[in-house]
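Reading the structure
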Amino acid sequence: MNTLKGKTLFITGASRGIGLAIAKRAAQDGANVVIAAKTAEPHPKLPGTIHSAAEEIEKAGGKALPLMVDIRFEEQIHAAVKQTVERFGGIDILVNNASAISLTGTLETPMKKFDLMFGVNVRGTYATTQACLPELLKAKNPHVLTLSPPLNMKPKWFENHVAYTMAKYGMSMCVLGMAEEFRDRGVAFNALWPRTVIATAAINMIGGQDMMEASRTPEIMADAAHVILTRDSRSSTGNFFIDEDLLRETGVKDFSKYLVKPGTEPMQDFFLD
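Residues numbered from 1 in each chain as written. Predicted model: local features only at pLDDT ≥ 70, side-chain atom pairs only at ≥ 80, totals over all residues. Heavy atoms only, no water.

Quick look at the overall build of the chain now. Secondary structure assignment for the chain yields eight helices and seven strands. In the chain, which carries 30 positive and 30 negative side-chain charges, the distance between the mean positions of the two groups comes to 3 Å. (Helix = DSSP H or I, 4+ residues; strand = E, 2+ residues; numbered from the N terminus. Lys, Arg positive; Asp, Glu negative; His and termini not counted. Charge placed at Lys NZ, Arg CZ, Asp CG, Glu CD.)

This is the structure we're talking about:
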């Protein structure tokens, strides 16, 4: 099971960044990829749309279905799942990638931002998983992969951005609980998080060019995701994987190819000691 050929992946937030990289890696195997994301028209500050992502996926060798979906609204999720089943016959893999971020303190976080993070990160992950599960339960080797960190309850990961931390940990708690809930039914639930900062549009907005140059490319997350999603779902569930550690286990020793700027020491990501 080292290929995703013929598998159907439903990926939230796949119009750019890590979601798109995971989609393109699956496409190289000949997978079907549903791009469930909000950006249908070009954004002035953010690269990529569901349509440009679909073109890249098709070019990489896969089949793409671009669907405009805001995962804060379950009716949009259910409509997208219905269209997916009509087009590809089912869903084998769900990747909960869509996420909202605001690294702000309690007094600096408007409730609108709080609601956005909880609406996308926690509610969106839960609702999308719930909507996809009836199809996943019928699939052979079904996986749910969530882009969220290991649960680390040290105060330093809360003190500067408690709302964001709670929202990301909400995603991780979905993994923790659902892995046990569906263990006997064969659906794998795992989390994946980067050892270092990954060069995405969000990182560019947070840290600018300096942080981007101290990052690794999204392809490291895509390669790690591919390892997880090709494993046996019944024997690999409930894990909080770190991209670099997982790839080292598979024999990767040289990570220089993932550097945005060759020769740079990449910056460590949040939530990891």
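The discussion continues.
Let us now look at the packing of aromatic side chains. Under the criterion given, the structure shown has nine aromatic pairs. Taken together, a centroid distance of 5.9 Å and an interplanar angle of 55° make the contact between Trp 193 and Phe 271 tilted. With a gap of 78 residues between them, Trp 193 in strand β6 (residues 188-193) and Phe 271 in the segment after α8 (243-249) connect regions that are remote in the sequence. Given a relative accessible area of 1%, Phe 271 falls into the buried group. An aromatic cluster is present here, built from Trp 157, Phe 158, Tyr 164, Tyr 169, Trp 193, Phe 270 and Phe 271 joined pairwise through their rings. (Phe/Tyr/Trp six-rings, centres within 6.5 Å; stacked < 30°, edge-to-face > 60°. Buried < 20%, exposed > 50% of the residue type's maximum accessible area, 1.4 Å probe, protein only.)

As a further point, take the packing of helix α3 (residues 74-88) against helix α4 (residues 111-136). For the pair α3 and α4, interaxial distance at closest approach is 10 Å and the crossing angle is 30°. The hand of the α3/α4 crossing is right-handed. In this structure, α3 contributes Glu 74, Ile 77, His 78, Val 81 and Val 85 to the contact, and α4 contributes Arg 123, Ala 127, Thr 128, Ala 131, Cys 132 and Glu 135. Tallied by class, residues from the contact of α3 with α4 come to six nonpolar, two polar and three charged. (Axes fitted to C-alpha atoms, helices over the stretch in contact; angles between N-to-C directions. Left-handed = near helix turned anticlockwise from the far one by under 90°. Contact = heavy atoms within 4.5 Å. Nonpolar A, V, L, I, M, F, W, Y, C, P; charged D, E, K, R; others polar.)

On to the environment of Ile 101, then. In this fold, Ile 101 is placed in the loop between β4 (93-96) and α4. Given the relative accessible area of 31%, Ile 101 is considered partly exposed. For the pair Ile 101 and Met 117, spaced 16 residues apart in the sequence, the C-alpha separation amounts to 6.4 Å. Setting aside chain neighbours within four positions, we find Ile 101 in contact with Met 117, Tyr 164, Ala 202 and Ile 206.

Here seven strands make up an open sheet; going across it, the order is β3-β2-β1-β4-β5-β6-β7 and the pairing parallel. Two strands bound the open sheet, and with one partner strand each, they are β3 (63-68) and β7 (240-242). The mean angle between the axes of side-by-side strands here comes to 20°, regardless of whether they run parallel or antiparallel. Strand direction decides the pairing type here: strand β1 (residues 8-12) and strand β2 (residues 32-37), joined by five bridges, are parallel. Along β2, the bridge assignment pairs Thr 8 with Asn 32. (Pairing = 2+ DSSP bridges.)

With that settled, consider the nonpolar core. As a rule of thumb, soluble globular proteins bury nonpolar side chains together. Grouped together as the largest cluster of nonpolar side chains are 41 residues, with contacts concentrated most on Phe 10, Val 69, Ile 77, Val 81, Cys 132, Leu 136 and Phe 189. At the level of elements, β2, β3, α3, α4, α5 (162-181) and β6 are the ones that each hand at least two residues to this core. Ignoring sequence-local partners within four residues, the contact set of Leu 136 consists of Ile 91, Asp 92, Ile 93, Leu 94, Pro 142, His 143, Val 144 and Val 187. Core analysis: the next-biggest nonpolar cluster, separate from the first, contains 40 residues, Ala 37, Ile 50, Ala 224 and Leu 246 among them. (Core = buried A, V, L, I, M, F, W, Y, C linked by side-chain atoms within 4.5 Å.)

If you check helix α6 (residues 201-213), its first and last C-alpha atoms are just 13 Å apart, much less than what 13 residues at 1.5 Å a residue would give, namely 18 Å. All of the buried residues in α6 are Ile 203, Met 211 and Met 212. (Expected span 1.5 Å × (residues − 1).)

Running from N to C, helix α1 (residues 17-28) and helix α2 (residues 50-60) point in directions that differ by 30°, and their axes come no closer than 7 Å. With respect to α2, the axis of α1 lies roughly parallel. The two elements α1 and α2 meet at a crossing, and its hand is right-handed. In this structure, α1 contributes Leu 20, Ala 23, Lys 24, Ala 27 and Gln 28 to the contact, and α2 contributes Ala 53, Glu 56, Ile 57 and Ala 60. Classifying every residue of the contact of α1 with α2 gives six nonpolar, one polar and two charged. (Parallel < 35°, antiparallel > 145°, perpendicular 65-115°, else oblique.)

This part takes up the environment of Ala 131. On the secondary structure map, Ala 131 appears in helix α4. A C-alpha to C-alpha distance of 9.5 Å links Ala 131 and Ala 80, two positions 51 residues apart in sequence.

A few words now on the pairing of β3. For β2 and β3, the ladder comprises six bridges, and the chain directions are parallel. Each bridged residue has a counterpart across the sheet, and for Asn 32 the counterpart in β3 is Lys 63.

Tallying each qualifying case throughout the model produces 14 salt bridges. Taking the shortest distance from any N to any O, the salt bridge between Asp 223 and Arg 25 comes out at 3.8 Å. On the criterion of sequence distance, the pair formed by Asp 223 in helix α7 (residues 219-229) and Arg 25 in helix α1 is long-range, its members being 198 residues apart. Given the relative accessible area of 22%, Asp 223 is considered partly exposed. Here Glu 135 and Lys 138 are joined by a salt bridge, their closest N and O atoms 3.3 Å apart. The class for Lys 138 is exposed, based on a relative accessible area of 63%. Overlapping salt bridges bring together Arg 25, Asp 29 and Asp 223 as one network. (Salt bridge = Lys/Arg side-chain N within 4 Å of Asp/Glu carboxyl O.)

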